[in-house]
Every structure is written in C-alpha cells, then in structure tokens.
Amino acid sequence: MTAINPNLRTIRTTCPYCGVGCGVLATPDGKGGAAIAGDPEHPANFGRLCSKGSALGETIDLQGRLLYPMIRCKGVLERVAWSDALDHVAHRMQHIVARDGADAVGFYLSGQLLTEDYYVANKLMKGFVGTANVDTNSRLCMSSSVAGHRRAFGADTVPGCYEDLDQADLLVFVGSNAAWCHPVLFQRMLKNRQERGARMIVIDPRRTDTAGDVDLFLGLKPGTDTALFSGLFVHLADCGALDRAYIAQNTSGYDDALARARNIAGSVTATALATGLSEQDVAAFFKMFRDTEKVVTLYSQGVNQSAQGTDKVNSILNCHLATGRIGKPGASPFSLTGQPNAMGGREVGGLANMLAAHMGFTPPDIDRVRRFWKAPRIATHEGLKAVQLFEAINRGEVKALWVMGTNPAVSLPDADMARDALKKLELFVVSENVLCNDTVAAGPHVLLPALAWGEKSGTVTNSERRISRQRAFLPAPGEARPDWWILSETARRLGFGDSFNYKSAADIFREHAALSAFENNGNRDFDIGALTSLSDEAFDALQPVQWPVRGGGDPVERFFAQGGFFTNDGRGRFVAPEVPALRGETGPSRPLRLNTGRIRDQWHTMTRTGLSPRLGAHLPEPFVEINPDDAGKYGIAHDGYARITTDYGQCILKAVVSERQQRGTLFVPIHWSAMNASHGRVGALVHSFTDPFSGQPESKATPAAIAPYEFVFRGFALSRKQLELPSNLLWTRVTVSGGFGYLFADNGDLSRWPAWVGTVAGEDVAEYRDIGGGVYRAASFAGDRIETCLFVGPAHDAGDWEVVKGAFAADHVTDEQRRMLLSGKSSEGAASTGPIVCACFGVGRGTICDAIVAGACTAAEIGAKLKAGTNCGSCIPELKRLIAATDAAPAKETKLANVAG
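These lines cover the structure that appears in this document, whether it is placed above or below. (Residues numbered from 1 in each chain as written. Predicted model: local features only at pLDDT ≥ 70, side-chain atom pairs only at ≥ 80, totals over all residues. Heavy atoms only, no water.)

This part covers the overall build of the protein chain. For the protein chain, the helix and strand inventory stands at 31 helices and 34 strands. Structurally, the protein chain occupies a C-alpha span of about 80 × 70 × 55 Å along its principal axes. Burial statistics for the protein chain: of 901 residues in total, 62% are counted as buried. In the structure as shown, the protein chain presents an accessible area of about 31,000 Å², 49% of it carried by carbon and sulfur atoms. For the protein chain, the centre of its 93 positive side-chain charges and the centre of its 96 negative side-chain charges are spaced 2 Å apart. (Helix = DSSP H or I, 4+ residues; strand = E, 2+ residues; numbered from the N terminus. Buried < 20%, exposed > 50% of the residue type's maximum accessible area, 1.4 Å probe, protein only. Areas by Shrake-Rupley, 256 points an atom, 1.4 Å probe, with all protein chains shown as cover. Lys, Arg positive; Asp, Glu negative; His and termini not counted. Charge placed at Lys NZ, Arg CZ, Asp CG, Glu CD.)

The following block contains the structure:
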C-alpha cells in the first residue's frame, strides 16, 4: 500500500465526483483534514474546481465512518476481526455456489471504485467463481452510451477529447445540464463561445441553467430525441450535406438507417409534430448543424436514462457518421460521463455484459481472457444487469450479493423492491466507508470497512479516456482497507490465492495493462501496453495519460477520423432505431411524467457531499418542480407542499413553481434518502422499464400524479448532535456549520414541542410560547454557545433560518444576541443574507441583490465585488436571473421571491 508522506506535503490526486476527472491538490493539515485546490497542471481542469470539488476538505473527517469489520449475530452487528469476517464471507459463498451454482451469487459495484478495485472484483467473479453477475451503478448512468458505442464503433470508444470543446464552432447539448453537472467543462465551453464565437444549442424538456443564455433552446417532448436526430439525418441527406466519401469508405448500414429515419421523421414538419417543437426551431437547428463543420454533440443522462437510450445514442452517432464529423478537431459526438471512474470500470469489464479490457463474451475473447488469467472456470455468458439482478434476488434466484461503494436501496428504480430484495439474501455483504445508509439499513450480514477518497491509491479514467492517479494523502483510519485487498483476501480463502497475490495497486495496474495489450495488435481500442512495466516509483509518479498508449507508440487523442473502426469489417455501423415511444402510459390517474436528476451542489445519495455545510445551503430540501399551468390545474402553490404518487410509491416534497419546467412534466432531484429526509426518497417512485440493449432504466418519464399537501406548522431545529424528532413529521436533515439542521413541517399538536425540547436540551433553556398564535421557540445554551434551538410557527412565521444558522455557527453569542435569538432576527438589525447562491464562496442571495441594487449590472461585476461566480461558474445563470429581476427599488424583496431554484 502507498505510504503517507510524513512531511505532509501537497499531494496531486483526482476528484472523486463526476467524469470530468479534475486534478486536485490536497495539502494535509496533520489533524485529519486537508486544504483543497485545483491542480493547474492537470489537463482536465487546469486548476478549476466545481463547488463539490472545492468543498472536498469538508467531507474527509471520520464522522459516521465504518472503521471495523462487523458480522450480524442474532440480529445485531458486532465488531469482529478481519480474518473472521472474510472467513465467513468465503465459507458462505462456497456453500451457496456448491449448492446452487455460480450464478446464485453476484457483485454490485460502483463508479466510485478505483480501476484496480474494479479489476480484481471482475477477475474474481468472472474468471474464478464462474459467473458474470458483476454489475455496477454505472448501469444507471452511462450504459446506453456504452451500448450505442459498441453498436456503431464495435467498441466502447469515446472518439473525441476535451480539446474539441475548445475548437468546436457549434456545441449541441442533448439531455445534459452541463452547467450544473459538468460545470468545469461547461466553463471551458463558455470560454470558447466568448473568445471564438462558438454557438450553443440546448435540447432538453427542461429549461435548465445550461439553457440560460444559448443561441437556440429546443424544449422537445420527453423521449423524442430519436425523432429529432432522425429528422436531422434526413435533412442532411436531402440537402446534400453528407460526406459521401466517408460513408462509402468507412461505414455500413447507411441505406437502412436512412430509410428508418424517413419513417420516423421524414421532414421538418414531421419532426416538429413528433417532438412538439415549432417548425421554425427545428429548421434553425437543422441549418446550424448542416452549415457548421466543427460540431460537438454532448449527451448525458437525458439521453441515456431511457428505455430507448441506446437508440437515442445511435441516432446522434448516425448524424456524425453521415457527415464524417467524428474524431476530428472540434467535431465529434461526446458522451459526458457521470461518475469519476465509470470509464475505468468499463475498461476492466465492470458491467455484466463485458469482459476485461473492452472484450466481450465472444468465444475468442473468452478464450483469450481465460488463458491470460489462467482462469479455472471463466464465465461463458453475460450476467444479470443491475435491474435484472435485483429482480432475480427478489425471486430468490440470486442468494448472495456483495455491494461495494454504492447505495442501491436509494438509487435503483422501484427502490422499495430493491430494498426488500436485499432482506431476502442468504449472504448480504457490504463494503463501505460509512456506518449507515439506506443499503446498510437493509440488514447486511457482513459490513467491511473500505478506504475512502484521500486514503486510497490507484487510478481512475475520465470522460476523454485520460487515466489519472488518485493518491492517498491521509492515513487509513481504524481497520479500513483497500477494496482490492479485501477482494484478494477473499479470493485466497476461496482457494485462488496464487492468482490474487497482489502487494499493491501498482501490481494490479501492471496486470491490467498487460491484459489490454495481450494478443491485441491494434485490433482492440483499449490498449495501455506501454504502461505494463511501470515500476512502483513510476506508478506513484504517473502523470495523466490518455489511452490508447500502445507499446512503442504515443497516446492517441482521437479515433475514427480516417475510419478504422473496431467492428469485424473495420467499418462504422449506421443503426436503424426503433420508432420512439415512452414506456408506461399516462392517463387520468397518472397524467404527468416524472423526471429525476441531479442538482448543482449534491452528489448521488449525499454520503459525501451531505457532510459539507456550504453544499447543503443552496437547495437544502427535496423539492418537486412544476410548470405554472400544471400548478394551477392541480392546486399546487409555490413554496407549499405536494404529494407525488406513481404506481411504485409516493413522496411529499416542497413545491417549486417554475416556467422552466415543461407542461405535463415534473422534476425531482435524486439525492435524498431515508437517512436525511422522511419523504424524499424518489427512487421508490421510478418505474423499472429498461432499455433492451443497455439494460439502463428509464428514470426520466414515470407516469405520476400530484396533489397539494397541507401542513399547519413549519419549523426548524439546530443541534450540535443528530436529533430524534417527534413522529409523523415531514423533515429534512442538513449539515450546518457547527452541527445539524432540520427543516420540518407538522400537523401535530403544538403542545408536544415543549416536552420534546425537555428531552434534548440542557438546563440553560430560553423559551417563547404563543400557543394561541401557533408559535413556539426554544434555545438551550452551553456556556456562551447555542447548543440546541427549535423554531415552530404557522407558515413562514417560524423565524429566519439563515439568521439563526449564523448565530448557531458562532462559538460565542453576546447577551444581546441571546435576547434577540428567539425573535428569529439579527440583533444588529441587518437583513438576512438569504439562501446561498454561490456555494464556492458562500455568498447569499440577499448579499447579491444588495450588490445589484448598488450598481453591479453584470455577473462579472458581481464577481469582482463578491467573488460569486468566479470559481466554477455554476451559479452564474442564477446571478443573471437575479440581475434581470432586480432594479434599484426598495421593494426588491417582493420581486425576488420566485427567482431562485
């Protein structure tokens, strides 16, 4: 394992969030923390970090960490030695495989794992246990892109690179809110626009912040992307805008694909009818694409997370193949990857339908991997993809599951079924770095403590095929171990020790590199053979490098400009997609479509970002976004509450009424779980229809109903420790400076709150009671510091959350501040800074609006004055909305009520 440098020098590592793969400079403070900055020398980000990356230093303490192996004995998890835990896992696995066969066991992995961890898990299961039931949460994220690439290119190859984003003259975003989800790349593209005049088009049912200031926004109907790009394909053909020579020399399937496209959307008019767009906007898009040689089409979850996601991907690829705009500077399709190592997982076969090194389940590939691994019982057929795997668990067919670094009880569709299925397992193992999440709460038999970011060492691969090092800069806490070590020790107990005798991540990387080059000779895209003989020292010093890096060759930036596809005949394939149609019917009882996705400052199920006070300050509560027309139709009030119901479950959420939301659709973020919200677990609402090629679930269009939900009281509590709130509340927990905050709504008797305060407060308690007016407030103190406080009132009369949070964060409150505290107002009479808009620098809405009133008329002027928007830039669209809604008038507060969100 990599040793921690005792001099606490700055360590170059890689961010653990999205697929941009930003370089990070981490400087340990010697007390378990670290200062975080962007690495100016890393080619993915050149020193820029988003709000999440900037806050990494707030997420690395040991609060809530799993530090020791545990086994469930008589229903209770008890600490045990590593040897006992791994002996138990191996013994139970052996018993189940001997009784029921290898396909009765499965692994469910994560894009948070390092490539070396992924490699060992894949090798153990597919080569030695003998099953391909190894899948990953990347199945929920990027698998439709994988399937589309493999159908068109013969391999899961990303043709372009980040430099194309600097050189393109037209950037087309499809189902991608890059301003929030890939902000570092988005700022790079904005720079291209400002310096070179590149134009931008956003295609999305939602008018997201990415569409805030673009040349064309196409708010198409959900699920109609294939129709739009089929119409584009037909238009390009009819206008003579195709690269006929490229098509003839390098592709196959053109005629069939074009005929299908004509059937789907044979004209501008037909395309407009199919997509719900105006003919004028469709024609404008077609012309801009047709007349611009340097086009990059960027697609993400809005394309992938669909029961026809693979067809959507291929409809985009068809247009690039037809124009020869692929693998050329400034011209390519580009899949924006969601997770930090989704690409690395794909390289080692982390998906159930792949073998390692981008090989598949063909007889030659199976034989090649078998010989390289000297595998005694290699899997000979594809395994169960994520949704299929959990359905098989629910049916009792899969009896053992090992979950590593992910939270499927929250993130899978039909999440209640997934959570219930986990409880049926005979052997349920979880490798994690947190002591509690929804999956851990589902009752694993064995909990194994894994290293977290900052402690583990290995490699990750970003969206442009660039391999970077994650390096340890903190010591391993407790008895936590690398995932590859845990797996290798289990393999030894299963009798495969000679093949898993790894001493370091470098050992595994060298083997991974050797397999990529084994019998390759240039006929497989993934080849890092030149890195096979790296010494331990060279591995530790490895600089970011883009694959392929073939033995004796230089890295390759782009693929396919001159053909050279990885199909049997070397030709790229046009694919004829199916006619687009959403799964699941809307009707009188389910008239709307539920779309789920990410918000700016949170990540997955918040096990990391939820630890940062500033990341929770922008949008602290789960919410549902709804169009004003639909809100009026169904009686939903802005800032009220609404119940969302599908055939799978229901949530109660804060309502945000916004014209940016398309009529007939709802949007709900994915991040909240049973650990941090009482009614916000949206995965339980999502239907489990999947794409027939990729197995990716359709998370963007579940039929749903909405209805208002009324609460008599609202309130909040702040405490130095986590609280057990009274029953039958709607509540959300958020980390705040100094402790924990709880935002809640209540229909219970107000009189129960004083008794509750008595159970959580100390002796020094101040109270304010107006039972007739529906107001109760209390605060307890420990010395000069607030220990716990509670504010309850009707509607918005509970008190100012931002003001009280500020007082709570202070180590010392004055007597005057004590006296003013229960008023919920600032003792200085200053206005609240309002909800945080810029998470990077903690700048509130009120502060920004004051600057606008004082004369800051542009986002740049606000940045110069307050620094807001000058780091990752993801708050700039909101700054522009505030500018547009504000003038130098005393009544600005009323004009700003509905701007943010």
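This part takes up the pattern of salt bridges. Following the criterion strictly, the structure yields 57 salt bridges and no others. In this structure, the salt-bridge partner of D746 is R752, at a minimum N-O distance of 2.6 Å. The residue E787 makes a salt bridge to R785 at a minimum N-O spacing of 4.0 Å. A relative accessible area of 25% means that E787 is categorised as partly exposed. The network of salt bridges with shared partners includes D365, D367, R368, R370, R371 and E519. (Salt bridge = Lys/Arg side-chain N within 4 Å of Asp/Glu carboxyl O.)

This brings us to the pairing of strand β13 (residues 332–335). The two faces of β13 match: S332 and F334 on one face and P333 and S335 on the other face are all buried. Note that strand β12 (residues 295–299) and β13 share four bridges and pair parallel. Bridging from a neighbouring strand, T297 pairs with P333 of β13. (Pairing = 2+ DSSP bridges.)

So, about the packing of helix α8 (residues 225–238) against helix α11 (residues 268–275). Interhelical geometry of α8 versus α11 gives an angle of 175° and a closest axis separation of 9 Å. Taken together, α8 and α11 sit at an angle that is classed as roughly antiparallel. Where α8 approaches α11, its residues A227, L228 and G231 are matched on the opposing element by T271, A274 and T275. A class-by-class count of the residues in the contact of α8 with α11 yields three nonpolar, three polar and no charged. (Axes fitted to C-alpha atoms, helices over the stretch in contact; angles between N-to-C directions. Parallel < 35°, antiparallel > 145°, perpendicular 65-115°, else oblique. Contact = heavy atoms within 4.5 Å. Nonpolar A, V, L, I, M, F, W, Y, C, P; charged D, E, K, R; others polar.)

This part covers helix α2 (residues 82–100). Here α2 spans 27 Å end to end across 19 residues, near enough to the 27 Å set by a 1.5 Å rise per residue. Listing the buried residues of α2 in full gives W82, A85, L86, V89, A90, M93 and I96. All buried residues of α2 project into a common sector of 135° when viewed along the axis, lining one side. Of the exposed residues in α2, the ones pointing more than 90 degrees away from its buried face are H91 and A98. Positive backbone phi, approximately 95°, marks G101, located one or two places after α2. (Expected span 1.5 Å × (residues − 1). Arc of directions from axis to C-beta.)

The next thing to look at is the packing of α11 against helix α12 (residues 279–290). Close contact between α11 and α12 brings their axes to 9 Å; oriented N to C, the two are set at 115°. In the packing of α11 onto α12, the handedness of the crossing is right-handed. Listed contacts from α12 to V268, T269, T271, A272 and T275 of α11 are E279, V282, A283 and F286. A class-by-class count of the residues in the contact of α11 with α12 yields five nonpolar, three polar and one charged. (Left-handed = near helix turned anticlockwise from the far one by under 90°.)

Before going further, it helps to spend a moment on the sheet that holds strand β31 (residues 775–782). Spatially, β28-β29-β27-β32-β31-β30 is the arrangement adopted by the six strands of the open sheet, whose pairing is antiparallel. Both edges of this open sheet fall to β28 (729–736) and β30 (765–770), since each of them pairs with a single strand only. On average, adjacent strands in this sheet sit at an angle of 10° to one another, irrespective of strand direction.

Below, the discussion takes up the sheet that holds strand β1 (residues 11–14). Read across the open sheet, the three strands follow the order β1-β2-β3; overall the sheet is antiparallel. Sheet topology places β1 and β3 (34–38) at the edges, where each strand pairs with a single neighbour. Within this sheet the neighbouring strands show an average axis-to-axis angle of 35°, counted without direction. Bridge count between strand β2 (residues 23–28) and β3: five bridges; the pairing is antiparallel. Looking across to β3, one finds that L25 is bridged to A37.

To continue, consider empty space enclosed by the protein. For the coordinates displayed, the defined rule picks out nine cavities of 30 Å³ or more. Split into classes, the residues belonging to the lining of the largest cavity amount to 10 nonpolar, three polar and one charged. (1 Å grid on protein atoms, 1.4 Å probe; cavity = no way out; pocket = protein on both sides within 12 Å on 5 of 7 lines; lining within 4 Å. Points joined across faces, edges and corners; volume = space filled by probe spheres on them.)

Here we take up the packing of aromatic side chains. Working definition: an aromatic ring pair is given by the centre-to-centre distance plus the angle between the planes. This structure, assessed with the given rule, holds 33 aromatic pairs. Measuring from ring centre to ring centre gives 6.3 Å for F285 and F289, while their planes differ by 75°; the resulting arrangement is edge-to-face. Of the two residues, F285 and F289 both sit in helix α12, four residues apart, roughly one turn of that helix. Taking relative accessible area as the criterion, F285 reaches 0% and is therefore assigned buried. The buried category is assigned to F289, whose relative accessible area is 0%. Ring centres of F559 and F566 lie 5.9 Å apart, and the angle between their planes is 70°; on these two criteria the pair is classed as edge-to-face. (Phe/Tyr/Trp six-rings, centres within 6.5 Å; stacked < 30°, edge-to-face > 60°.)

For the rest of this paragraph, the subject is the nonpolar core. By size, the foremost hydrophobic cluster in this structure holds 116 residues, and its most contacted members are F107, L124, I203 and F285. Tallying contributions element by element places helix α3 (residues 115–129) first for this core, with eight residues. L165, A859, I862 and I883 belong to the second-largest nonpolar core, a separate cluster that totals 70 residues. (Core = buried A, V, L, I, M, F, W, Y, C linked by side-chain atoms within 4.5 Å.)

This next bit is on the environment of A85. For A85, the position within the fold is in helix α2. Residue A85 is classed as buried on the basis of its relative accessible area of 0%. Between the alpha carbons of A85 and L170 there is a distance of 55 Å; along the sequence they are 85 residues apart. Ignoring sequence-local partners within four residues, the contact set of A85 consists of P69, I71, V80, V446 and L448.

The buried fraction of strand β14 (residues 400–404) is high, at five of five residues. Side chains of β14 alternate between two faces, with A400, W402 and M404 and L401 and V403 buried alike. When strand β6 (residues 105–109) meets β14, the two strands line up parallel, connected through four bridges. Within β14, the residue paired with F107 across the bridge is W402. Pairing geometry for β14 and strand β15 (residues 427–432), over five bridges, is parallel. By the bridge assignment, A400 is partnered in β15 with L427.

We now examine α3. The terminal C-alpha atoms of α3, which comprises 15 residues, lie 20 Å apart, in line with the 21 Å expected from a rise of 1.5 Å per residue. Burial runs high along α3: 15 of the 15 residues are buried. Positive backbone phi, approximately 100°, marks G130, located one or two places after α3.

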